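Working through the structure, step by step
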Amino acid sequence: MTTIRPFTCEDMLHFNKVNLDPLTETYGLSFYTQYLAHWPEFFLVAESPSEEIMGYIMGKAEGHGENWHGHVTALTVSPDYRRLGIAATLMNILEEVSEKKKAYFVDLFVRVSNKVAINMYKNLGYIVYRTVLEYYSGDPDEDAYDMRKACSRDINKKSVVPLTHPVRPEDVD
C-alpha cells in the first residue's frame, strides 16, 4: 500500500533514484529546503511499504489577485512505480491544497516533447494555456507548455482561456 506523507529533510538523502529520470528537473538542496520551509503542505512524497520513495510532488502558492494560484514545481515518479496512479494522486492532493488556499487555478510547466506527461495532465483536466519559448535549457533549448486547471474560485474559468501567441520566459509572471 502506498503512503502519501509530507516530505522531510531526510527524504533528500533517499530520493536520488527518483531524480535520475532525464525528464525530472533536479535542483540544489537549498532549493528543496526553501520549498520545505515555505510551502510544506505542497511538498509530498509517495512511499512504498518498504519505505522506498516512489515519487514526490513539490509546489507552492504564488501570484496576486486573480493570478493567485497553486504551482507544481516538480512531479516525478520512479520508473518502477509508474502507471499506478501515483502521479494523479499527488496532483489531486496538490489541487486540494490549492483549493484550501483559495487559488484561482493550478499551473505547471512541461517540456513540449514529454507527450506522456502532457496526456496525463490533459486527462486530469489541464489545458495548454500557452507555450513558453526556450523555457528549458539544453542543446538546443526546449519550449514548455504552461498547463492550467481552474479551481472552483474561478467561476468564469478566465484563468484557462488559452493565449493565442507564445511568450518568452521573461514574460512569465
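Residues numbered from 1 in each chain as written. Predicted model: local features only at pLDDT ≥ 70, side-chain atom pairs only at ≥ 80, totals over all residues. Heavy atoms only, no water.

A separate point is the overall build of the protein chain. A tally of regular secondary structure across the protein chain gives four helices and seven strands. Listing every helix and strand of the protein chain by position from the N terminus yields β-α-α-β-β-β-α-β-α-β-β. At 16 Å, the protein chain has a C-alpha radius of gyration in line with the 16 Å of a compact globule built from 173 residues. Its C-alpha atoms give the protein chain principal-axis dimensions of roughly 45 × 40 × 30 Å. Across the 173 residues of the protein chain, 45% fall into the buried class. At a minimum sequence separation of 6, the contacts of the protein chain that also span at least 24 residues come to 61%. For the protein chain, the accessible area works out to roughly 9,400 Å², and carbon and sulfur atoms hold 53% of it. (Helix = DSSP H or I, 4+ residues; strand = E, 2+ residues; numbered from the N terminus. Rg over C-alpha atoms; globule rule 2.2 N^0.38 Å. Buried < 20%, exposed > 50% of the residue type's maximum accessible area, 1.4 Å probe, protein only. Contact = heavy atoms within 4.5 Å. Areas by Shrake-Rupley, 256 points an atom, 1.4 Å probe, with all protein chains shown as cover.)

Attention shifts here to the confidence of the model for the protein chain. This prediction gives the protein chain a mean pLDDT of 94; 100% of its residues lie at or above 70. When mean pLDDT is compared element by element in the protein chain, helix α3 (residues 86–100) scores highest at 98, while helix α1 (residues 16–19) scores lowest at 83. (pLDDT = per-residue confidence, 0-100.)

So, on to the nonpolar core. Among the nonpolar cores identified, the biggest contains 41 residues, and Y56, M91 and Y121 are the most heavily contacted of them. Sorting the residues of this core by element identifies α2 (29–38), β2 (43–47), β3 (53–62), β4 (69–77), α3, β5 (105–111) and α4 (115–123) as the ones contributing at least two each. (Core = buried A, V, L, I, M, F, W, Y, C linked by side-chain atoms within 4.5 Å.)

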